[in-house]
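Examining the three-dimensional arrangement
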Amino acid sequence: MPADPLQSAGSPPRSPTSLPPRGPATSAVEVRRSTRRSRTVSAYREGDRTIVLIPARMSEAEEQRWVTVMLDKLAAQESKRMLGDAELTERAERLSEQYFEGRARPASVRWVTNQNTRWGSCTPAEGSIRLSHRLQGMPEYVVDYVLVHELAHLLVPGHGPRFWQLLDAYPRTERARGYLEGVVAADRLPHLPAARGE
Ligand SMILES: [Zn+2]
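Residues numbered from 1 in each chain as written. Predicted model: local features only at pLDDT ≥ 70, side-chain atom pairs only at ≥ 80, totals over all residues.

The protein is annotated in an unreviewed UniProt entry as M48 family metallopeptidase of Streptomyces mauvecolor.

Laid out in structure tokens, this is it:
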């Protein structure tokens with residue numbers, strides 16, 4: 001998923017610069033200079049690379065300084081949103097206890113990056129639940145809602161009245177559904193860069 005298509009225009013890429021490892025999320029960093037940029041610096045992840053966009057006239061020293069600043073910013077954002085698969089499984093178990101008297105018993109709960117049209121999915125026969133990585137960074141009650149939703153599918157397939165009756169146990173179902181609808185709608189609007197320096 002391109003992190004920020006509006007920010008992808010610029011001059012041709014220079015050769016990627018390798019930096020010392022700064023944590024699990026960071027690998028190659030590519031700096032792109034743009035003559036259309038006069039003051040702003042922005043950065044985003046593209047696959048396992050990090051793209052940093054800087055004004056064309058910036059000096060090498062400035063470039064190094066900004067790359068460091070932007071990597072720190074991205075890492076700070078990401079550390080807030082990352083919940084590992086183990087924590088996710090624990091959380092699902094806790095939610096099942098809380099709302100379904102522990103009746104929904106997932107065998108595995110994990111993040112997947114190949115699921116862009118659905119927030120979550122489950123395979124009842126295997127007891128496996130998968131959450132889209134696009135939920136990372138969203139409020140906890142939204143991630144919990146998707147977990148509760150998929151847990152409920154372990155008990156009731158489809159979206160009939162019995163299913164929604166189960167979901168009524170989770171007090172923020174409506175709010176979370178509204179949030180997710182808003183995210184889908186916002187995807188179609190022009191938006192600002194994810195991270196911005198200056
Ligand atoms: Zn469903």
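That was the structure; now back to the text.
**Regarding the packing of helix 3 (residues 140-155) against helix 5 (residues 173-186)**
Viewed as axis vectors pointing N to C, helix 3 and helix 5 meet at an angle of 105 degrees, and their least axial separation amounts to 9 Å. In terms of their interaxial angle, helix 3 and helix 5 are classed as roughly perpendicular. On helix 5, the residues touching Y141, V142 and Y145 of helix 3 are T173, R175, A176, Y179 and L180. (Axes fitted to C-alpha atoms, helices over the stretch in contact; angles between N-to-C directions. Helix = DSSP H or I, 4+ residues; strand = E, 2+ residues; numbered from the N terminus. Parallel < 35°, antiparallel > 145°, perpendicular 65-115°, else oblique. Contact = placed C-beta atoms within 7 Å.)

**A short note on the environment of R134**
Among the secondary structure elements, R134 is positioned in the loop between strand 6 (128-132) and helix 3. Along the chain, R134 and N114 lie 20 residues apart, while their C-alpha atoms are 9.9 Å from each other.

**Regarding the confidence of the model for the protein**
Here the protein shows a mean pLDDT of 81. Residues at 70 or above account for 80%. Here residues 1-26 scores under 50 on pLDDT; set against residues more than four positions off or in separate chains, the count is 43 contacts. (pLDDT = per-residue confidence, 0-100.)

**Remarks on the sheet that holds strand 3 (residues 49-55)**
Across the sheet, which stays open at both edges, the three strands sit in the order 1-3-2 with mixed pairing between neighbours. The sheet terminates laterally at strand 1 (29-34) and strand 2 (42-46), the two strands that pair on one side only. Averaged over all neighbouring strand pairs, the angle between strand axes comes to 25 degrees, with direction disregarded. In the sheet, strand 1 pairs with strand 3 via six bridges, with the strands oriented parallel. The residue bridging R32 from the neighbouring strand is L53, located in strand 3. (Pairing = 2+ DSSP bridges.)

**Regarding the pairing of strand 2**
Taken together, the five bridges between strand 2 and strand 3 define a ladder with antiparallel strand orientation. Following the sheet pairing, S42 is matched in strand 3 by L53.

**A look at the nonpolar core**
With 23 residues, the main nonpolar core has V146, L147, V148 and L151 as its most contacted residues. In terms of residue count, the dominant contributor to this core is helix 3 (nine residues). Among residues more than four places away in sequence, those in contact with V148 are L95, Y99, L167 and Y170. Counting 13 residues, the second largest nonpolar core, distinct from the first, contains A43, Y44, I51 and L53. (Core = buried A, V, L, I, M, F, W, Y, C linked by C-beta atoms within 7 Å. Buried ≥ 20, exposed ≤ 12 C-beta atoms within 10 Å, placed from the backbone.)

**A word on unusual backbone geometry**
Phi at E101 is positive, roughly 50 degrees, even though this residue is not glycine. With respect to the helices, strands and loops of the structure, E101 is situated in the loop between helix 2 (85-100) and strand 4 (108-112). Looking at E101, the number of C-beta atoms within 10 Å reads 9, which means it is exposed.

**A word on the environment of V148**
The residue V148 is located in helix 3 in this model. We classify V148 as buried; it has 25 C-beta atoms within 10 Å. For the pair formed by V148 and Q98, sequence separation is 50 residues and the distance between their alpha carbons is 10.0 Å.

**Notes on the sheet that holds strand 6**
The sheet built from three strands is open, its strands ordered 4-6-5 with mixed pairing. Each having just a single partner strand, strand 4 and strand 5 (120-123) make up the two edges of the open sheet. This sheet shows a mean twist of 20 degrees between the axes of neighbouring strands, independent of strand direction. As paired elements, strand 5 and strand 6 share four bridges and run antiparallel to each other. Pairing of C122 across the sheet is with I129, part of strand 6. Where helix 2 meets the sheet, it contacts strand 4 and strand 6, and its direction lies at approximately 130 degrees from that of strand 4. Together, strand 5 and strand 6 form the strand contacts of helix 3, whose direction differs from that of strand 5 by roughly 25 degrees.

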